[in-house]
Amino acid sequence: MSAQEYTFQAEIQQLLNILVHSLYTEQEIFLRELISNASDALNRVQFEMLSNDDVIDADAELAIRISVDKDAGTLTIADTGIGMNHDELVRNLGTIAQSGAKEFLKQLQDAQAQNIPASDLIGQFGVGFYSVFMVADKVTVTSRSFRPDDQAFAWTSDGSNTFTIEPAEKDTRGTEITVFVNEEGQEFLETFRLRNIVKKHSDFIAFPIYLDDEVANQQTALWRQPARDVESEAYGSFYKQLTLDYRDPLLHLHVVADAPIQFYSVLYVPGSADRGMFNLRTDHGLKLYARKVLIQEYNKDFLPNYLRFVDGVVDSEDLPLNVARESIQTTRAIQRIGMSLKGKFLGELERLADEEPDKYATFWQEFGVFLKEGIATEPGDADRLAKLLRFHSTVSDADQPTVSLADYVGRMRDDQAQIYYILTTDLQSVVNSPHLDPFLARDIEVLYLTEAVDSFMLMNLTEFDGKKLQNVDDADLELPDLPEEAEDETPAEQLEEEPFEAVKARFADVLGERVTEVRESKVLRGHPVRLATPEGQLDRNVQRVYKMLDQDFDVPRKILELNRRHPLIHNLAGWIADKPDAPLVPQVIEQLFESALLMDGIHPNPADMVGRIESLMEAATRRE
Ligand code: ADP
Ligand code: MG
C-alpha cells in the first residue's frame, strides 16, 4: 500500500494558513501542545489498562521522550501512549476536534474586524497540534495503536492543504512526532532551550519527560506535596498549566486530608468569571486522580453545582480504581471528600471576607451570583452562604456591593425589627423609588437587590440573625415613629376628608380591576403614590423574574396608596371638584399608575407611556 493523499477540512486549512504565516513571538508553545497531547495519550492508555489486558507493550514505561538530531534538523517527541490507527490519524489530525482551536477561529473574525493581528490571539487559546507548523517545514506523525491487530501508519504534512498517510515500521506502542524544524525555528534544536520550555510550560505533567535521557520536568504532583513546601508562584503556574488560563487565579486552596478519608486537592478560583472563552478546559469540574491515574477530566460530584466556577484537582488513594466513570458519584468516598472540600472552600471564602475585604470584593464582583444561586438551590448551605452576601444599600456609597447582612444588623435602629430590601433592576434610579420615602425619613437602611437571581435567593433567605427580611413594598409596613424634626418639614397640608374621598373614588373608577384597592398611605412623604403588595402575594419576588422571562406576563394586582399631603393629589382634587370631565384627570391617574409600575420594574411595556406623556406635556405647556 502506498501513500494516500487527503485534504484537510476547510477550517484546518484556514488555521494552518494563519499559523504558518503568523508572526507570533512565543512559538515555543507548540512544544507545550505536543507534550500535552502525549500526556493525554498516556493517561488514556493507563486508564484502558485498568480493565483491558489485551494491550501491546503493557510493560512499557509511561513516558515522553524528546530528542534532537541537529544534522537532520529534526526534533522528535515520542510517547508510549494510546497511539492512533489509520482511521484515527485521518480523523484526529485531519478534522478539527478541539474547541480551543474552533474558538480561536471564531474570535479571529472579530479580531480581524478590529484590525487585531492573529498573532495577538494565538497565545490565549490552545490551538493544539497544528501550532507545530509555526516552527516546521514538515511534520511526520508515526503511530501504533494499543490494539494488537492494528498496523502502524505515518501521517505527513508540510502544513499546506493536504496530508498523506502510508504504512510505517513501528513495533512499539505509541506516537512519535518528527518535526522538521524550519529556518526561524532553529533555536528549538538546542537542548538547553528545550529544557527551559519544558520547565516553563510542562513542569507538572505527571509522566517523566526525558530530554537526552535526563528527566526535565518536576513531575511530582504539586498537590501531593505539603502545602508549606510549595511556593506561591508554583500554585499560579500549576493553575496556568491546568487550565491554560493566562491570568493568575484569584485564590488557591490546598487541602491535604488523612482522616476519615485520605485525599489531596488543590482548588482554584479563576481571576474572572468570563475566562471561559480563553480556557482550554471545555467543561467545568475537577480533575480526578485515583492512585495517580487520571480517572476523570471533569468530575462534578465533589462540589455542588453552584461552585462550578472552581477549578482544580482531587487525588485519593482511597478510591477504587476499577470504578466505572459513570458510577463514581455513588461511592461513599466521593461524598465524604465532597463534604470536606465544600466545607474547606467555604471556610476559605469566609477567611477572605474577614481578612482581605478588598480581594473579597473582587471575588464577589465576579462570582457573587453563584453564591446567591447556592442559597436558592442548596437550602442546606443557605445559612453559611448568607454571611458571605454583599449588597449595595441606601447607606453605602461604595461602587461595589460591600454591605453584609451582619453590617446591616449592626447598624439597625434599636426600635427596628426587620431587615428591609428593595428589588430593583437599576441602581441609578432606585433612589427615586417612592418605597424608600419612609425609610430615608427615618434613617433606616435599605438593601438594594439588583440581580435576577436575588428573587430566587429570597425564597430560601427569609431571615438572618433572627430578623425577618422584608420587602419595602409591603402593604403593612410597621415602622418606628418619625423623628420630630422630620415631622416639621412635612411637605403640605393634609387634604380634607371630602375631596380626598373624591380623589380615591376617581382613582378606583379609572383603574378598576387593575388594582385591588385604593387607599391612603401612611408612609409616603415625597411621592404622590406607591403600589403596595397585599398580604398573601408571597410569590412577588418571582413576578419580576417572570417579567424578565416572558413578554406577556400578567401585571400583578396591587394596592394603590395615595399621599394625602402631596401637591399633585391636592391639584387633582381641585380638578375633580371644578372640572370633573376634563380628560386631563384620567390621563394623570393612568400615568401615575404606570409610573409606579415602572419604578417597581413590572411595567410590561414602558414605551406605551410615551404618547400619554406627550399629551400631558402639551397640556402643561399650553399658554392661556
Ligand atoms: P486536543 O488535544 O485538544 O484534542 P489537538 O489538536 O492537540 O487537540 O489534537 C488533536 C487530536 O489528535 C487529539 O484529540 C488526539 O485524538 C490526537 N492526538 C494528538 N497527539 C496525539 C498523541 N501523541 N497520541 C495520540 N493521539 C494524539
Ligand atoms: Mg492538544
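These figures come from a predicted structure and were not determined experimentally.

Asks: Could you give an account of the packing of aromatic side chains, with specific residues and numbers?
Replies: Applying the stated criterion across every chain, the model contains 20 aromatic pairs. On the numbers, 5.3 Å between centres and 10 degrees between planes, the contact of Tyr6 with Phe163 is stacked. Taken as a pair, Tyr6 in strand E1 (residues 4-7) and Phe163 in strand E6 (residues 162-167) lie far apart in primary sequence, 157 residues in all. Each member of the pair Tyr6 and Phe163 is classed as buried. Ring centres of Phe309 and Phe363 lie 6.0 Å apart, and the angle between their planes is 55 degrees; on these two criteria the pair is classed as tilted.

Asks: Could you give an account of the sheet that holds E6, with specific residues and numbers?
Replies: Strand pairing within a sheet occurs via backbone hydrogen bonds; the two strands may be parallel or antiparallel. Judged by pairing direction, the sheet is mixed, and its nine strands sit side by side in the order E1-E6-E5-E4-E7-E3-E2-E8-E9 without closing on themselves. Strands with a single pairing partner mark the edges of an open sheet, and in this sheet they are E1 and strand E9 (214-215). As defined by bridge partners, E1 adjoins E6 across four bridges and the pair is classed as antiparallel. What sits directly across from Tyr6, in E6, is Phe163.

Asks: Break down the site of ligand 1 for me, with residues and values.
Replies: Around ligand 1 sit Asn37, Ala38, Ala41, Asp79, Met84, Asn92, Leu93, Gln98, Gly128, Phe129 and Thr175, and those are all the residues in its vicinity. Between Asp79 and ligand 1, the recorded distance is 2.9 Å, taken from a side-chain N or O atom to a nitrogen atom. When ligand 1 sits alone it has 530 Å² of accessible area, and the protein chains cover 84% of it. Broken down by element, the shell around ligand 1 gets its largest block of residues, three residues, from helix H2 (residues 29-51).

Asks: Before we move on, could you go through the pattern of salt bridges and cite the residues and values that matter?
Replies: Scanning all chains against the criterion turns up 37 salt bridges. A salt bridge links Lys372 to Asp454, with the shortest nitrogen-to-oxygen separation between them at 2.8 Å. Of the two residues, Lys372 sits in helix H9 (residues 357-377) while Asp454 sits in helix H14 (residues 452-460), which places them 82 residues apart along the sequence. Residue Lys372 is classed as buried on the basis of its relative accessible area, which comes to 3%. Each of Glu26, Glu28, Glu187, Arg193 and Lys200 takes part in salt bridges that share partners, so that together they form one network.

Asks: If you had to explain the environment of Ser131 to someone new, which residues and values would you point to?
Replies: Relative to the helices and strands, Ser131 is located in the loop between helix H5 (119-122) and strand E4 (136-144). You can call Ser131 buried: its relative accessible area is 0%. Placed 60 residues apart in sequence, Ser131 and Asp71 show a C-alpha to C-alpha distance of 24 Å. Ignoring anything within four residues of it in the chain, the contact list for Ser131 reads Leu19, Phe30 and Glu33.

Asks: Describe the nonpolar core, and please don't skip the residues or the numbers.
Replies: Counting residues in each nonpolar core, the largest one holds 72 residues, and the members touching the most others are Leu341, Phe345, Phe363 and Leu371. Ranked by residues supplied to this core, first place goes to helix H8 (residues 332-355) with nine residues. Inspection of this core shows a minimum of three residues originating in each of domain 2 (222-354) and domain 3 (382-486). Listed in part, the 64 residues of the second largest apolar core include Leu42, Leu89, Phe133 and Val181.

Asks: Just give me the short version of the side chain of Thr533, but keep the residues and values in it.
Replies: Mapping Thr533 onto the fold places it in the loop between strand E21 (529-532) and helix H17 (540-549). The class for Thr533 is buried, based on a relative accessible area of 0%. Here Asp473 takes part through its side chain, which lies 2.7 Å from a polar atom of the side chain of Thr533. Of the polar contacts made by the side chain of Thr533, one reaches the side chain of Lys558; its length is 2.9 Å.

Cut-off values and rules
- Residues numbered from 1 in each chain as written.
- Chains lettered and ligands numbered in written order.
- Predicted model: local features only at pLDDT ≥ 70, side-chain atom pairs only at ≥ 80, totals over all residues.
- Heavy atoms only, no water.
- Phe/Tyr/Trp six-rings, centres within 6.5 Å; stacked < 30°, edge-to-face > 60°.
- Helix = DSSP H or I, 4+ residues; strand = E, 2+ residues; numbered from the N terminus.
- Buried < 20%, exposed > 50% of the residue type's maximum accessible area, 1.4 Å probe, protein only.
- Pairing = 2+ DSSP bridges.
- Near = heavy atom within 4 Å.
- Polar contact = N/O pair within 3.5 Å; in protein donor to acceptor, adjacent residues only side chain to side chain.
- Areas by Shrake-Rupley, 256 points an atom, 1.4 Å probe, with all protein chains shown as cover.
- Salt bridge = Lys/Arg side-chain N within 4 Å of Asp/Glu carboxyl O.
- Contact = heavy atoms within 4.5 Å.
- Core = buried A, V, L, I, M, F, W, Y, C linked by side-chain atoms within 4.5 Å.
- Domains from an automatic or database assignment.

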